Amino acid sequence: MSPQPGSTMSSQLDRPAKFGRVAAEADDDPASVEDALLRMKTNRLLEYNQPVYIAPMAKPNLQALDNSALPLMNMVREFLAGNGQVLLILGDSGAGKSTFNRHLENKLWTNYEVGGRIPLFINLPAHKQPDEDLVAKQLRTVDFSERHIWDLKQCRQLLLICDGYDESQLTSNLHTTNLFNRPGQWNVKLIITCRTQYLGPDYRDRFAPKASGQYHRTAYNLFQEAVIAPFSKEQIELYVEKFVPLIPRTWVKKDYMDKLAAIPNLMDLVRNPFLLILALEALPSVVKNNTSLSNLRVTRVELYDTFVHHWLEANKRRLQEQTFKDDKHEALEDLLADGFVHHGIVFQKKLAWAIFQQQEGRPVVEYSNKRDKSSWKASFFGPKTERSLLRDASLLSRTGNQYRFIHRSVLEYFFSCFVWDTSRDDDEFAPHVYSEATGVSLPITDHPLSKRSLVPEPSVIQFLAERVQMQPIFKQYLLALIELSKSDPLASMAASNAITILVRAGRHFNGADLRGIRIPGANLTGGQFDSAQFQDSDLTGIYFAKAWIRQADFTRARMEETRFGELPSLQEAWAVESCTFSPDGRSFATGLKNGNINIYDTTTWTRIRLFHGHETAVQSLAYSTTGLPLLSYCSDGTLRLWDGEIDRTYRILRGYSWKVTAVAFSPSGMQFASASDDMSVSLWDTQTGTVTFVIEDFGDVTGIAYSPDGNNIVSCCMDGQVGVFDTRTGLLVQGSGTSDVSYRCLGYSPNGQSIVSGEVTGELQLWEATTMIPRIKWRGHSRPVTSVAFSPNGQWIVSGSGDKTVKVWGGDSPTLVSVFTGHTHGITCVAFSPDSSLIASGSKDQTVRLWEANSAGFDLDVDGAFDSKPSVAYSPDGRFLISGSRAGAIQQHDTESGEIGLVIRRQEVRANSIAYSWGQIAMGGSGGDVTLWSAYTGALEHTLGGHTEDVRAVAFSPCGRWIASSDDLTVRLWDPRSGTSIQVFSCGRVDFRSLSFSSSGAEVALGGNFGTMQVWDVATGKCKKLWVEASFSFVRYLPWSLQAVSCHGGKGVCLWDEDGRDYRVILQHSHIAFQHFAFSSCGQWIASVEDDTVHLWRSPLEVRTQNWDYVLAVEGCLGKIKEIVWRPYKLEFATADMYGSTRAWKVVEESGRVLVRLVWGTGGGGGLAVSGSLFDDAIGLNTINRNLLKQRGAILTKSL
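Residues numbered from 1 in each chain as written. Predicted model: local features only at pLDDT ≥ 70, side-chain atom pairs only at ≥ 80, totals over all residues. Heavy atoms only, no water.

1. Notes on the overall build of the chain
Turning to step 1, where the next piece is worked out: From N to C terminus, the chain includes 21 helices and 68 strands.
Turning to step 2, where the next piece is worked out: For the chain, buried positions account for 59% of its 1200 residues.
Turning to step 3, where the next piece is worked out: The contacts in the chain between residues at least 6 apart in sequence include a share of 51% that link residues at least 24 apart.
Turning to step 4, where the next piece is worked out: Accessible surface computed for the chain: about 47,300 Å², of which carbon and sulfur atoms make up 48%. (Helix = DSSP H or I, 4+ residues; strand = E, 2+ residues; numbered from the N terminus. Buried < 20%, exposed > 50% of the residue type's maximum accessible area, 1.4 Å probe, protein only. Contact = heavy atoms within 4.5 Å. Areas by Shrake-Rupley, 256 points an atom, 1.4 Å probe, with all protein chains shown as cover.)

Here's what the structure looks like:
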């Protein structure tokens, strides 16, 4: 098609050339090579058209931070001027890799001089076998003769700009397979672009050249890489500035920038250049008639929907303005009469489906009318007039006889549209269930979801998951497919895809009847299946990482090759102080508090050796790169080198007065280092056991690590210093200087360019290794960071902390990828396996947990995953539940489904407490303000100022007339309608966390620390009752009385009478430290919280004077619970935890037993929950999985 004049999309998206090509010479023409090159240069310059181009920034590697990015063009210039042979340019889908490549080619051709290096742009997906004879194949496509090709090969140097390595689905090394830069072969420099998501852990070997004369050895010194950074706000603003004047618009630059900033998460979304283009085209339609942009949630699929319609409408108008001959005019009129936009969408979604079906998603379609007139391609690229019109109006680009969608994500979008047709018209494959009325059933084998597994296509899964959230009917169709699989084995593939999509969309299956379903290969990461029935199901190859399958029944289920995202914990007899993998990954060592060292075989995870010798805790372990020896130190002041082959120490280094604090082996294994509390680091010769250097006067060293090349060693200290030293001279290379920070641990990135350190405050810091300039710092944990490490592939950073959590971060940013929970005591050590596939974490709870690293991130909730939620509250009628987060966000959930409706964000304050009244939501936050919001629109109604410290608690009166709020000094009473202050109660310096109004609203009761309980008269502002007992207290008015409880270290928990004069010990578990209490509205139940466990107590309604009975504990909630509340008029309660999860629970009685079942949950999950699940006669569970399930509290009687 020919886009509208000035259309930014036509400039951005590789449209067909509008100019005729310079005629090619015949193969026997005597023209020189330079004549042929001039012809190619002229054609390429004519074809280039890019009205809006923003120069991309790039980082030197995946681990580098965005703020360290440099202009990509400068990095290319350095590559061209240097000795490097391959430059790999990485970037996310839509990052602008192809745009940059074409711009680079244009610049190089513009500056080309006779005899100079020749730029050759190669679209890799356009070649069937680009791993052989690539240059000659490309030159033939632009009409070079064989003689010219031979001349160029012998005499000239080329710059190959190879675009779309990932889209061509290559795995081979193009430099190696094409024999580049070998004698008699092509002399080239090679630039290759590839999507970051396509790469595995050892991706460099796919691109780095082999050493000259040593083809078995990789020459990493000839390989460079660059990673395109997302757009900065300044780049976005510059793009908008250039975008606006391209065509007449009603919006100006400020309109676009204001909307991008106002819509939550949109500014982050459009840091991707391609999504920015879509957003700018779609925004006017998206925000139309929406007055509250802060509550407008825009998804990626909505942007694509709006843009596609905008594109087709614009091209419809363009075609209507043109004059056609009779047959073409008639065809256009027919399309217009029947819905041009609709036919355009149908054409493109069928093409996308055919590309996936016929050529496994390879995006380039090569069409010859003679050769392919009888193939599937003719249905889209044949000469028929109607097809020609639709093709011309579609989001396709053309180069010669090759067609492709303008972007990979557009192909994936239309493929998802074929799976679910939003119009529901002309869709022969709609997943209709069997109808008795018509007698017609679904031809399931022809269903799109039956043709291929979508699990390897995460982008398609995400499009469809967003579609589920937008269109509930799609959810019902997917559920019907799952149900169909129970009776029809042919529905298994469709059902597997369906449940994968639903889980990704956040659909809960708690209590679901899934007996007999067939879903082999589904990815159920993060799914919720509490109390679900899986009996007799086919779960072969299922991925259950971080799934909630507590109390589920898997009797007789097929579970061959099922994975759970974790391995069984290693149970030790003493606290685990240190751990490490051997360099080959075949062994794993743990250092224990009693001085023992255990060695495990990582194939079976059984202990194969036990080393005795140390008398106290083994605080650090390190393997030599050769696997032998193993180095250990302990608090008794000794270093030991162990020979693993003969199970004994072969060298003991002792006799020093100082305490060793850390050890590390050099990459060569010829040297090791030890740090001590006498402010020194000693470098030792491994062979002789003698000290070669002592680095002194540096502080109380707590951590050391070698650089990957072994030339430097970095150390950190409790006095705030981080320094890099030369291992050959012992001299300081770079130092951070002293500060008030206390560092506990550190690690070197595998490329040697970054250092990460962990602090006593729970913060992490990334440093530039060569300069020791601090790059970025973030709060990672609530307790000290005790261990930190880079993954060997550089993709992640893992940190462990005294807060009992293991967290995974992006390798170059503070982006939280995943949280692993399950340890019951603080983390002491973390380690990656050599292939980066496993994370090990040791703890004082005497266990080592083993996590699959590839499960990180799949279950993340983009709306505040792992953001601590300290408060939840029900609406007075129980229809809604609101949750408040530390990031200042409030989410309103439907109580029955958990679906999020209203979202309120105020990111400048933390939401410490929230309350819900009739039509209003109150948030008490940091800074001393109470904010009142409309429960219907989310609009801010009042800001109540007056508190001098953070507001800890808020509560509405039952009638909604008053609201009370407290900080550490006062309780204030407000009129929520006017926002005026009514009363101020001076309560002393008590941290009141519990507020409750009487049913009449005449009294307000307070409960806080130091066991203080008070009752105040609202009208007079006087304290009517005061009593102090125990460590802390909670209060709650019921319709008939005030209920107050206090926690006593020696007595347990006491229930007080209304006058505060007498109490009864009701909860006698004095060993339990309760942090939160909640009374049910009927007064019969108490829910109490102990860390991540909920304890339930019950008292008969008719005899309230009796002691309460302990009923059960809800264990394994996978995160410390910050708040618990009961739903009004129901035996249901909700919890909020430190990882951002909000969960709703139901108390039920079955056969005389009380059970608690999960209704729904949102937010990030920290691990696998399987307690109480039944695996009786489960088929195919391997030994490792059986051991894991037993450890987590599952019931396994036998398996087949």
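2. Section: the sheet that holds strand 52 (residues 980–986)
Turning to step 1, where the next piece is worked out: Spatially, four strands are ordered 49-50-51-52 in an open sheet, and the strand pairing comes out antiparallel. At either margin of the open sheet sits one strand with a lone partner, and together these are strand 49 (953–956) and strand 52. Strand after strand, the sheet turns through a mean of 20° between neighbouring axes, direction not considered. (Pairing = 2+ DSSP bridges. Axes fitted to C-alpha atoms, helices over the stretch in contact; angles between N-to-C directions.)

3. Focus: the packing of helix 12 (residues 300–320) against helix 18 (residues 458–470)
Two measures define how a pair of helices packs: the angle their axes make with one another and the distance between the axes.
Turning to step 1, where the next piece is worked out: Interaxial distance between helix 12 and helix 18 falls to 8 Å at its minimum, and their mutual angle equals 85°. The angle between helix 12 and helix 18 places the two elements in the roughly perpendicular class. Residues Arg 300, Val 301, Glu 302, Tyr 304 and Asp 305 of helix 12 lie in contact with helix 18, whose contacting residues are Ser 459, Gln 462, Phe 463, Glu 466, Arg 467 and Met 470.
Turning to step 2, where the next piece is worked out: Considered class by class, the residues forming the contact of helix 12 with helix 18 number four nonpolar, two polar and five charged. (Parallel < 35°, antiparallel > 145°, perpendicular 65-115°, else oblique. Nonpolar A, V, L, I, M, F, W, Y, C, P; charged D, E, K, R; others polar.)

4. A look at the sheet that holds strand 1 (residues 57–59)
Sheet strands pair via backbone hydrogen bonds, and the direction of the pair is either parallel or antiparallel.
Turning to step 1, where the next piece is worked out: Taken in spatial order, the seven strands line up as 2-1-9-3-6-5-4 in an open sheet, and their pairing is mixed. Two strands close off the open sheet at either side, each with one partner strand: strand 2 (70–71) and strand 4 (118–123).
Turning to step 2, where the next piece is worked out: Sheet topology places strand 3 (residues 86–91) next to strand 6 (residues 187–195); six bridges connect them, and they run parallel. If you follow Leu 87 over to strand 6, its bridge partner there is Ile 191.

5. Regarding helix 8 (residues 233–243)
Turning to step 1, where the next piece is worked out: Within helix 8, burial applies to Gln 235, Ile 236, Tyr 239, Val 240 and Phe 243. Projected down its long axis, helix 8 carries its buried residues within an arc of 140°, all on one side. For helix 8, the exposed residues set more than 90 degrees away from the buried face come down to Lys 233 and Glu 234. (Arc of directions from axis to C-beta.)

6. Some thoughts on a negative patch on the surface
Turning to step 1, where the next piece is worked out: Taken together, the side chains of Asp 326, Asp 327, Glu 330, Glu 333, Asp 334, Asp 338 and Glu 386 make up a negatively charged region of the molecular surface.
Turning to step 2, where the next piece is worked out: Mapping Asp 326 onto the fold places it in helix 13 (residues 326–338).
Turning to step 3, where the next piece is worked out: On the basis of relative accessibility, which here comes to 68%, the residue Asp 326 falls in the exposed class. (Patch = residues over 30% accessible without salt bridge, like charges linked within 9 Å, V, L, I, M, F, W, Y side chains within 5 Å. Salt bridge = Lys/Arg side-chain N within 4 Å of Asp/Glu carboxyl O. Lys, Arg positive; Asp, Glu negative; His and termini not counted. Charge placed at Lys NZ, Arg CZ, Asp CG, Glu CD.)

7. Section: the packing of aromatic side chains
Turning to step 1, where the next piece is worked out: Under the criterion given, the structure shown has 45 aromatic pairs.
Turning to step 2, where the next piece is worked out: Relative to Tyr 256, the ring of Phe 243 has its centre 5.7 Å away and its plane inclined at 90°; by these criteria the two rings are edge-to-face. Taken together, the residues Phe 243 in helix 8 and Tyr 256 in helix 9 (residues 253–262) connect sequence positions 13 residues apart.
Turning to step 3, where the next piece is worked out: Of the residues examined, Tyr 256 reaches a relative accessible area of 3% and is grouped as buried.
Turning to step 4, where the next piece is worked out: Ring centres of Trp 376 and Phe 380 lie 6.3 Å apart, and the angle between their planes is 65°; this geometry places the pair in the edge-to-face category.
Turning to step 5, where the next piece is worked out: Its relative accessible area of 9% is what places Phe 380 among the buried residues. (Phe/Tyr/Trp six-rings, centres within 6.5 Å; stacked < 30°, edge-to-face > 60°.)

8. Remarks on the side chain of Ser 957
Turning to step 1, where the next piece is worked out: Structurally, the position occupied by Ser 957 is in the loop between strand 49 and strand 50 (963–966).
Turning to step 2, where the next piece is worked out: By relative accessible area, which is 2% here, Ser 957 ends up buried.
Turning to step 3, where the next piece is worked out: Contact partners of Ser 957, with chain neighbours within four places excluded, come to Trp 962, Phe 997 and Gly 1001.

9. Examining the pairing of strand 51 (residues 970–975)
Turning to step 1, where the next piece is worked out: Most of strand 51 sits out of view: six of its six residues are buried.
Turning to step 2, where the next piece is worked out: By the alternation rule, side chains of strand 51 split into Thr 970, Arg 972 and Trp 974 and Val 971, Leu 973 and Asp 975, which are all buried.
Turning to step 3, where the next piece is worked out: Bridging between strand 51 and strand 52 involves six bridges; their strand directions are antiparallel. Each residue of the ladder has a partner; that of Arg 972, found in strand 52, is Val 984.
Turning to step 4, where the next piece is worked out: The antiparallel pairing of strand 51 with strand 52 creates a hairpin that spans four residues between the two strands, and Gly 979 there sits at a positive phi of about 80°.

10. Let's talk about the pairing of strand 26 (residues 701–706)
Turning to step 1, where the next piece is worked out: Extensive coverage of strand 26 is indicated by the burial of six of its six residues.
Turning to step 2, where the next piece is worked out: As paired strands, strand 26 and strand 27 (residues 712–717) are joined by five bridges and run antiparallel to one another. Bridging from a neighbouring strand, Ile 704 pairs with Ser 715 of strand 27.

11. Re the nonpolar core
The nonpolar side chains of soluble globular proteins are, as a tendency, buried together.
Turning to step 1, where the next piece is worked out: Counting 99 residues, the largest nonpolar core has Phe 509, Phe 529, Phe 544, Ile 549, Phe 554 and Met 559 as the members making the most contacts within it.
Turning to step 2, where the next piece is worked out: The element contributing the most residues to this core is helix 14 (residues 340–359), with 10 residues.
Turning to step 3, where the next piece is worked out: Filtering out sequence-adjacent residues up to four positions away, Phe 554 remains in contact with Phe 534, Leu 539, Phe 544, Ile 549, Met 559, Ser 1173, Leu 1174, Phe 1175, Asp 1176 and Ala 1178.
Turning to step 4, where the next piece is worked out: By size, the runner-up hydrophobic cluster in this structure holds 38 residues, among which are Leu 139, Leu 174, Val 188 and Val 227. (Core = buried A, V, L, I, M, F, W, Y, C linked by side-chain atoms within 4.5 Å.)

12. What about the confidence of the model for the chain?
Turning to step 1, where the next piece is worked out: The share of residues in the chain with pLDDT of 70 or more is 86%, and the mean pLDDT across the chain is 83.
Turning to step 2, where the next piece is worked out: Confidence drops under pLDDT 50 across residues 1–28; counting only partners more than four residues distant or on other chains, this segment forms 73 contacts.
Turning to step 3, where the next piece is worked out: Considering only residues more than four positions removed or in separate chains, one finds that residues 425–441, a stretch of pLDDT under 50, has 24 contacts. (pLDDT = per-residue confidence, 0-100.)

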